[in-house]
Structure formats: structure tokens, C-alpha cells
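# Descriptive analysis of the structure
In case you want the letters, here they are:
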There are 2 protein chains.
Amino acid sequence: MSLLVVGSIALDTVETPYGKGQEILGGSATYIASCARYFVEPVRLVGIVGNDFPDKYLEFLKESNIDTTGLQIREGEKTFRWGGKYDEHLAGRETTFTELNAFETFDPIIPDAYKQSDYVCLGNILPSLQLRVLDQIRDPRMVLGDTMNFWIEGMKDDLLKTIKRLDVFVLSDSEAQMLAETKNLVKAGSKIIDMGPPVVIIKKGAHGALLMTKDDMFTAPAFPMKSVYDPTGAGDAFAGGFLGWIAKSRDHSFENLKRAVVYGNVMASFCIEKFSVDAIKTLNSNVIDDRFKTIHELSQFSLPD
Amino acid sequence: MSLLVVGSIALDTVETPYGKGQEILGGSATYIASCARYFVEPVRLVGIVGNDFPDKYLEFLKESNIDTTGLQIREGEKTFRWGGKYDEHLAGRETTFTELNAFETFDPIIPDAYKQSDYVCLGNILPSLQLRVLDQIRDPRMVLGDTMNFWIEGMKDDLLKTIKRLDVFVLSDSEAQMLAETKNLVKAGSKIIDMGPPVVIIKKGAHGALLMTKDDMFTAPAFPMKSVYDPTGAGDAFAGGFLGWIAKSRDHSFENLKRAVVYGNVMASFCIEKFSVDAIKTLNSNVIDDRFKTIHELSQFSLPD
């Protein structure tokens, strides 16, 4: 099954209590594709970088069996750069700088060869650009979209238009609270389903994720981590694991959506072990399945006799 | 199986965004006993009130099949009173007043008939008083103890002595973080197990609870609540449901401790639906088991084929 990823590709400068990463590979599409490729290959990537994008990163994408036909390399421009600094508990993060560069005028042109993509993962980009992607795709089997607080605050109309066209809408707890205007996540999930997307997933960081449809609900714990190195990209890794599993299994039943949420949590747990995609890039299906089983053991219990 | 509860009995004045309860029945022992009695009867209660304690509350305890032989009614003194006000999201709470009254000089004397109690639930009272209770009990099968931030901050030595004698130590996420001096709850749980108690349960409010032993871990979601009326007593209701189920089933296996955590979450979910024990007092085993099944459905998933 074909899986298309559209999102940002960035050079991140990240500071955590444990170290500093300078111009390391980041961006939503990077994390999503690096995770999804463990489930389906090749993963189709659409994004933009400048011609300063390091060869080693380009090689990494290609070696990861990520199809970069849709990667635009803009001559004479620089790659999107983002800087972030986490507080001592990795709970809060401050954006130290944002240089959009080539990303500012990104037009997500979908190559003809990608227009028939079964699964589409819209990483966090402008909602209007997410819509523009969907207008170019023919009959996808499932579209997953992510978002961020910035679009909820500043581009709500576009966002509401976009999420009506999603099959699965993934957002963080604080984003769900902001969008639904309630602190209660169960109520927030219901309100967001009423806005259009039939499946809503609320990511709760160390508390796992909540999957909701109109009639069903599922909650999966996060993989228990004794230490976290860098939380950047965890939400994107979740999306990559979720949609990767769905594309691999081609099963859209609620029972299988649950498993996809667990695979999402698994991929997020690897992501936060190191900077950038450093921990993700050395995985294999055995270690991924081991963590899946750990989360299974951690959360299963039997009814009383 | 006999279950003994020792803790506070109070008249609470609670303000939430939804209303105000004036001198309503509260206190850790009240919540614990009111929940545990759905699993084992009678529940033995040791606590203290003044002679102003309303007859209707005394009748409620007796009608609930709670054995009040160990309830001290101190002549010429007033009952412990506590006032609390919650913020608009029920996330934070401010103590508006504390009048210890008779509770200030509480000496938890265990009646002879209670000294052979199989299960002992130590509600949140001074750690030194919890120890004093344990010194009077003969060979209990399981002792569960709760605590609060106040003792961690101000009476850490006493607390550390006390928890060494517990079989199950229950505390909230913020208390665990404070005691273990780490924000990471998995690490906090491990560190607290090293302090003595073989079983540690960290209550995470709307995120459920984390059960840990040296070798095992289990995480149960909370019952999904679309609205919460008053969170007061939720932690005590959890303890009552947990130990009530263990006392009823007499099974200390990890598999059954998991179920007990889920029953704890179930009882906490009823507790927060109304002021005081108003929602708890009208329950029956069918509605309790229904919520148990809901949490089961909410969190179970199957391994991929």
C-alpha cells in the first residue's frame, strides 16, 4: 500500500537539559516518514528544503527507502530552521528562533506518480496547504492530519475546513483543549468529532493517547520511559507509526485502529530517546514489536471470575 | 474478611464552579469506608468527631453497615472542619480554612474486637499515628497507607519509617514526584519501592493510576468522565475500592492487584460525580461492575495476528 507524507523538513537546533543538537535533521515530514517506513516501503515524501540541505541528510532519507521524488530543493534559498529549548523537566519548551526560509513559500505539488496514494499523512503545515494537498489526491483510503496551536489560534476557519476532510485528526491534549474550548479531554474529543473528522486521537505525552469515534473510545498508555532525552518529533513519530501500521495491515476496523495507536506510542517512545531521528533510524521490526508487547502487558487485565 | 479503616472524619465546606456544599460529610476514613463497604461488610471504622457531629451522618454510617464501635465522639469538642475552593477547571484547589478541633489530639485507639483485622486501610493522618495503629494490629494480611504532601514536606522521617511497614503505598502523582525528587513517574515509583513498600500505586487523576512492584507494572485508565462535580475524596475512594476488592477476593497476585486498581478507579469516578458521598451512597454491585467492564473495554486490545 502506498503512503504519502507531506510536511516540514527542517534543520533544528535543540537544547535539552542533556545536551544541544545543532542543525540536526527535523521537521514533521522527516519524523513521520522515518517511522512509517518500518511498516510500508517506500514512503513517498513531499516537502521543501534549500540547496544548503546537507547531503548526509538527503542520503539518510534515501537509504531509509523514503522516495524523495516529491522533495523540492529550492536553488538559492535556505532550508527551514527552527530552534527550541526545553525546561529542566522537558515539560515546557520555548522557541528560540524560527527561520522559515524556503518553507515560507512552500507549494506542496504532488508528483503525478503520487496522486494515487492510498494513505496520506498531512504533517503539521498550514491548514490551507493541507487542503491543497487533498485537492491533488485521487480517492485516498485514509487521510490523517496533524495540527498545532498556532493554526488553532490564528487560522481557525481554514483549520475547520480542513479537518472536515480528514479521516483521522491527531492533536495534542493542549491543542484539543484549545480547539474545543474545554479542559475535559473526553468532552473535547466529542466536540471535535462533531466538527467533522470521524476519528480523533488526542496525544497525552507520558499519559499515552486517547482514540475516539462517535461510538467508541480507547485509551493506550505510553511506553514507560525512565528517561527522556528530547521530546521533539514525538507527535510526528506517533502519526508515522499509526498510519504506517494501518497502511501495512489495510484494516480500518476499530480493533485495528487501537493497535495503530499503540504502534504510534511505540514509535514516539523511540523518538524521544535521542536527538533528531537518531534513535529511530536504527530500529527493526523486532524491537518495535517488543515494545508493542510491553505496552500490551502493561495495560491488559482480566475480568473477575 | 475483616477490613479496618482509620482516618479523618470531617465536616467539609467545598466550593466548586458548580456549587457550594456547607458542612457536608467528608474526611479520608469516611470516603474509604463508604466505598469499601460495597465489597466487604461490615467495615470497621476508627476515627474521631466532636459531639456536634450531626446525627444524620452518624446514621448514614450505620445504615451503610459501617461498624462505628471505634468511632470516638469527644464530649465538649467540635468535629474537624475543612474548607476548600476549586478553580474553574477543578485542577487546582485552595484550602480556605482548617479547624482541627477534636482531630488535633486524635489517638487512634483500636478496640480489642478490631485488633485482629485482616486488611487495614490507613487514610491520610499523621504518619506517626499510622504507625501507632500498626503497633496495635496483629498480623494483618495487607496494610495499605495513603499520605499527603504536607507529611512529605514536614514529617519526612516519620513518613519514611511508616511506609517501610506498608504492603501497599498509595500516593498522588505530585506527591510521588515530591517524595522521589523526580518528575518522571516511572522513576519515582521505582525509587519509592526502594524506600520499602513492595507495592506502590501512583494516582494520576483523569489519567488513571500506575501500579508498580519491583518486577511488574500496570497502568489503568480512569473511567472517562465528561464532567466532574467535586474531586474531593477521589483518592480515598480509590483506596476504599482497591482494598475492598482485595479483601473480598483474598487474592494478592499481581493479576488481582490490577483488578483492584481498576475497582479503585471505578469508585473514584463515582465519588467525583457529586458532593461528599452523595453519589457513592446510592451504588450497588451491578453499577460498580458495569464501570469495571467499561474500563476493561476502553483499555483492552489484541496483538496483531
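That block above? That's the structure.
The numbers attached to residues start from 1 for each chain and follow its sequence in the written order. Chains carry letters from A onward and ligands carry numbers from 1 onward, assigned in written order. Under the rules for a predicted model, residues below a pLDDT of 70 receive no local features and side-chain atom pairs below 80 are neither given nor counted, while totals for whole chains, interfaces and linings still include all residues.

## A few points about the overall build of chain A
Helix and strand content of chain A: 10 helices and 13 strands. Residue burial is a threshold on neighbouring C-beta atoms within 10 Å of the residue's own C-beta, all placed from the backbone, with 20 or more meaning buried, 12 or fewer meaning exposed, and counts in between meaning partly exposed. Put simply, chain A has 305 residues, and 52% of those count as buried. Note on contacts: residues are paired as contacts if their backbone-placed C-beta atoms lie within 7 Å. Intrachain contacts of chain A at a sequence separation of at least 6 include 65% that bridge at least 24 residues. The helix and strand labels rest on DSSP assignments: H or I over at least four residues marks a helix, E over at least two residues marks a strand, and numbering proceeds from the N terminus.

## With respect to the packing of helix H3 (residues 127-134) of chain B against helix H5 (residues 156-163) of chain B
All names here are of chain B. Orientation is described by lines fitted to C-alpha atoms, with helices fitted over the stretch in contact, and by angles between N-to-C directions that extend from 0 to 180 degrees. Two elements in contact, H3 and H5, have axes whose closest approach is 8 Å; the angle formed by their N-to-C orientations is 30°. What the angle tells us is that H3 and H5 run roughly parallel. Remark: the crossing between H3 and H5 carries left-handed chirality. Counting all contacts with H3, which are made through Pro 127, Ser 128, Gln 130 and Leu 131, the residues of H5 involved are Asp 158, Leu 159, Lys 161 and Thr 162. Side-chain classes follow a simple rule in which Ala, Val, Leu, Ile, Met, Phe, Trp, Tyr, Cys and Pro form the nonpolar group, Asp, Glu, Lys and Arg form the charged group, and the remainder, Gly included, forms the polar group. Among the residues making up the contact of H3 with H5, the classes are represented as 3 nonpolar, 3 polar and 2 charged. Our angle categories are set so that under 35 degrees counts as roughly parallel, over 145 as roughly antiparallel, 65 to 115 as roughly perpendicular, and the remainder as oblique. With the far helix as reference, a near helix turned anticlockwise by less than a right angle produces a left-handed crossing, and one turned clockwise produces a right-handed crossing.

## As for unusual backbone geometry
All names here are of chain A. At the junction of Glu 41 and Pro 42, the peptide bond is cis and its omega measures out at -10° in the coordinates. Counting through the fold element by element, Pro 42 comes out in the loop between helix H1 (28-36) and strand S4 (43-50). A positive phi angle, near 50°, is found at Arg 250, a position not held by glycine. Among the structural elements, Arg 250 can be located in the loop between helix H8 (234-249) and helix H9 (254-271). Given 12 C-beta atoms within 10 Å, Arg 250 falls into the exposed group. Backbone geometry at Ser 276 places phi at a positive 50°, although glycine is not the residue there. Tracing the backbone through its elements, the reader meets Ser 276 in the loop between H9 and helix H10 (285-299). Classification of Ser 276 as buried rests on a count of 24 C-beta atoms within 10 Å.

## Description of the relation of the copies chain B and chain A
Each copy superposes on the other: chain B lies on chain A with an RMSD of 0.0 Å after a rotation of 180° and an axial shift of 0.0 Å. The symmetry that links the two subunits is that of a two-fold axis. A shared interface surface links the copies, since 100% of the contact residues of chain B are contact residues in chain A too. Here the copies are superposed with least squares, the fitted atoms being C-alpha atoms of residues at a pLDDT of at least 70 in both.

## Here we look at the nonpolar core
We define a nonpolar core as a collection of buried residues of the types Ala, Val, Leu, Ile, Met, Phe, Trp, Tyr and Cys that are connected via C-beta atoms lying within 7 Å of each other. Ranked by size, the top nonpolar core spans 205 residues in total, and within it A:Val5, A:Ala36, A:Cys121, B:Val5, B:Ala36, B:Cys121 and B:Leu144 carry the most contacts. If we skip the residues at most four places from it in the chain, A:Ala36 touches A:Leu3, A:Val5, A:Val43, A:Cys121, A:Gly240, A:Leu243 and A:Gly244.

## Regarding the sheet that holds strand S11 (residues 199-203) of chain B
All names here are of chain B. Taking strand neighbours across the sheet as the criterion, the 9 strands line up as S5-S4-S1-S8-S9-S10-S11-S12-S13 in an open arrangement whose pairing is mixed. Because the sheet does not close on itself, it has two edges, and the strands there are strand S5 (66-74) and strand S13 (217-220). If you compare each strand with its neighbour and ignore which way they point, the axes differ by 15° on average. In this sheet, strand S4 (residues 43-50) lies alongside strand S1 (residues 3-6) in parallel orientation, the contact comprising 4 bridges. Its bridge partner lying in S4, Leu 4 is registered against Arg 44. Together, strand S10 (168-172) and S11 form the strand contacts of helix H6 (residues 173-180), whose direction differs from that of S10 by roughly 105°. At least two bridges found by DSSP between two strands is the condition for calling them paired.

## Topic: the environment of A:Ile202
Residue and element names in this part refer to chain A. In this structure, Ile 202 sits in strand S11 (residues 199-203). As a C-alpha pair, Ile 202 and Phe 106 span 96 residues in sequence and 28 Å in three-dimensional space. With residues up to four places along the chain from it excluded, the contact list for Ile 202 reads Leu 171, Asp 173, Ala 176, Leu 185, Ala 188, Gly 189, Ala 209 and Leu 210.

## With respect to the interface of chain B and chain A
Residue-level contacts link 28 residues of chain B with 28 residues of chain A. Contributing elements (two or more residues each) for the side of chain B that touches chain A: helix H7 (185-194), S13, helix H9 (254-271) and helix H10 (285-299) of chain B. Considered class by class, the residues forming the side of chain B that touches chain A number 11 nonpolar, 9 polar and 8 charged.

## Some thoughts on the sheet that holds strand S7 (residues 93-99) of chain B
Residue and element names in this part refer to chain B. With mixed pairing, the 4 strands of this open sheet are ordered in space as S3-S2-S6-S7. Where the open sheet ends on each side, the last strands, each with one partner, are strand S3 (19-26) and S7. Neighbour-to-neighbour, the strand axes of the sheet open up by a mean angle of 15°, direction not taken into account. Across 5 bridges, strand S2 (residues 10-16) lies against strand S6 (residues 81-86) in parallel orientation.

## Some remarks on the packing of H1(A) against H8(A)
Any two packed helices are characterised by how steeply their axes cross, that is the angle between the axes, and by the distance between the axes. Residues and elements named next belong to chain A. Here H1 crosses H8 at 40°, and the two axes come no closer than 7 Å. Judged on the interaxial angle alone, H8 and H1 are oblique. Along this stretch, H1 crosses H8, giving a crossing that reads as right-handed. Across from Ser 28, Tyr 31, Ile 32, Ala 33, Ser 34, Cys 35 and Ala 36 in H1, the residues of H8 making contact are Asp 236, Ala 237, Ala 239, Gly 240, Gly 241, Leu 243 and Gly 244. Taken together, the residues of the contact of H1 with H8 break down into 8 nonpolar, 5 polar and 1 charged.

## Quick notes on the environment of B:Ile295
Summarising the element assignment, B:Ile295 is placed in helix H10. Taking the C-alpha atoms as reference points, B:Ile295 and B:Phe223, 72 residues apart in sequence, are found 5.9 Å from one another.

## Some remarks on the pairing of strand S9 (residues 142-146) of chain B
Remember that side chains alternate between the two faces of the sheet whenever the strand is regular. All names here are of chain B. Within S9, 5 of the 5 residues are buried, which leaves it mostly tucked inside the rest of the structure. Of the two faces of S9, the one carrying Met 142, Leu 144 and Asp 146 and the one carrying Val 143 and Gly 145 are both buried. In this sheet, S9 lies alongside strand S8 (residues 119-122) in parallel orientation, the contact comprising 4 bridges. Its bridge partner lying in S9, Tyr 119 is registered against Met 142. Of the strand pairs in this sheet, S9 and S10 are connected by 3 bridges, and their pairing is parallel. Bridging from a neighbouring strand, Gly 145 pairs with Phe 169 of S10.

None of this, on its own, says anything about what the molecule does.
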